[in-house]
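# Residue-level structure breakdown
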Amino acid sequence: MESFNLRPGEEFIELNNLIKAFGWVATGGEAKIRIDNGEVTVNGEIETRKRKKMKVGDIVEFEGQKGKVATWS
């Protein structure tokens, strides 16, 4: 499982930006389309809100890949 670390002072990252940061999609536009199509799950449930606030502990899955949001260490 991949991990994305929020920087100090950050409380969240938007879902579309997270899957782009993981490198799972090439562009933000592709991220939005994939989310709209119901291809992304958050904490085991299909998520269609592109700008969902992903917080520490949230787990995202896309095309067999899995990642979580963590705190900066």
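Structure: see above.
Residues numbered from 1 in each chain as written. Predicted model: local features only at pLDDT ≥ 70, side-chain atom pairs only at ≥ 80, totals over all residues. Heavy atoms only, no water.

Moving on, we get to the overall build of the protein. Regarding its fold elements, the protein presents two helices and seven strands. Sequence-ordered secondary structure for the protein, helices as α and strands as β, is β-β-α-α-β-β-β-β-β. By the compact-globule yardstick of 11 Å for 73 residues, the protein fits well, its C-alpha radius of gyration being 11 Å. Projected onto its principal axes, the C-alpha positions of the protein cover 35 × 20 × 20 Å. Across the 73 residues of the protein, 34% fall into the buried class. For the protein, restricting intrachain contacts to residue pairs at least 6 apart in sequence, the fraction spanning at least 24 positions comes to 49%. When the accessible surface of the protein is totalled, it reaches about 4,500 Å², and 45% of it is carbon and sulfur. Taking the 12 positively charged and 12 negatively charged side chains of the protein as two groups, their mean positions are separated by 4 Å. (Helix = DSSP H or I, 4+ residues; strand = E, 2+ residues; numbered from the N terminus. Rg over C-alpha atoms; globule rule 2.2 N^0.38 Å. Buried < 20%, exposed > 50% of the residue type's maximum accessible area, 1.4 Å probe, protein only. Contact = heavy atoms within 4.5 Å. Areas by Shrake-Rupley, 256 points an atom, 1.4 Å probe, with all protein chains shown as cover. Lys, Arg positive; Asp, Glu negative; His and termini not counted. Charge placed at Lys NZ, Arg CZ, Asp CG, Glu CD.)

Within the largest apolar cluster, 16 residues are counted, with the highest numbers of intra-cluster contacts made by Leu15, Leu18, Ile19, Trp24, Val40, Met54 and Val60. Sorting the residues of this core by element identifies α1 (15-21), α2 (28-36), β3 (40-42) and β6 (59-62) as the ones contributing at least two each. The dominant element in this core, judged by the number of residues it contributes, is α1, at three residues. The contact partners of Val40, leaving out residues within four places of it in the chain, are Leu15, Ile19, Arg34, Ile35, Glu45, Ile46, Glu47, Val60, Glu61 and Phe62. (Core = buried A, V, L, I, M, F, W, Y, C linked by side-chain atoms within 4.5 Å.)

Right, let's talk about the side chain of Asp58 for a bit. By the element assignment, Asp58 lies in the loop between β5 (53-54) and β6. Lacking a salt bridge, the buried Asp58 has Lys52 as its closest oppositely charged neighbour, with an N-O distance of 4.9 Å. One polar contact links the side chain of Asp58 to the main-chain amide nitrogen of Lys55, over a distance of 2.8 Å. Those residues in contact with Asp58 that sit more than four places away from it in its chain are Asn43, Lys53, Gly67, Lys68 and Val69. (Salt bridge = Lys/Arg side-chain N within 4 Å of Asp/Glu carboxyl O. Polar contact = N/O pair within 3.5 Å; in protein donor to acceptor, adjacent residues only side chain to side chain.)

Read across the open sheet, the five strands follow the order β1-β7-β6-β3-β4; overall the sheet is mixed. At either margin of the open sheet sits one strand with a lone partner, and together these are β1 (2-6) and β4 (45-46). Pairing between β3 and β4: two bridges, direction antiparallel. In the strand pairing of β4, Thr41 is matched with Ile46. (Pairing = 2+ DSSP bridges.)

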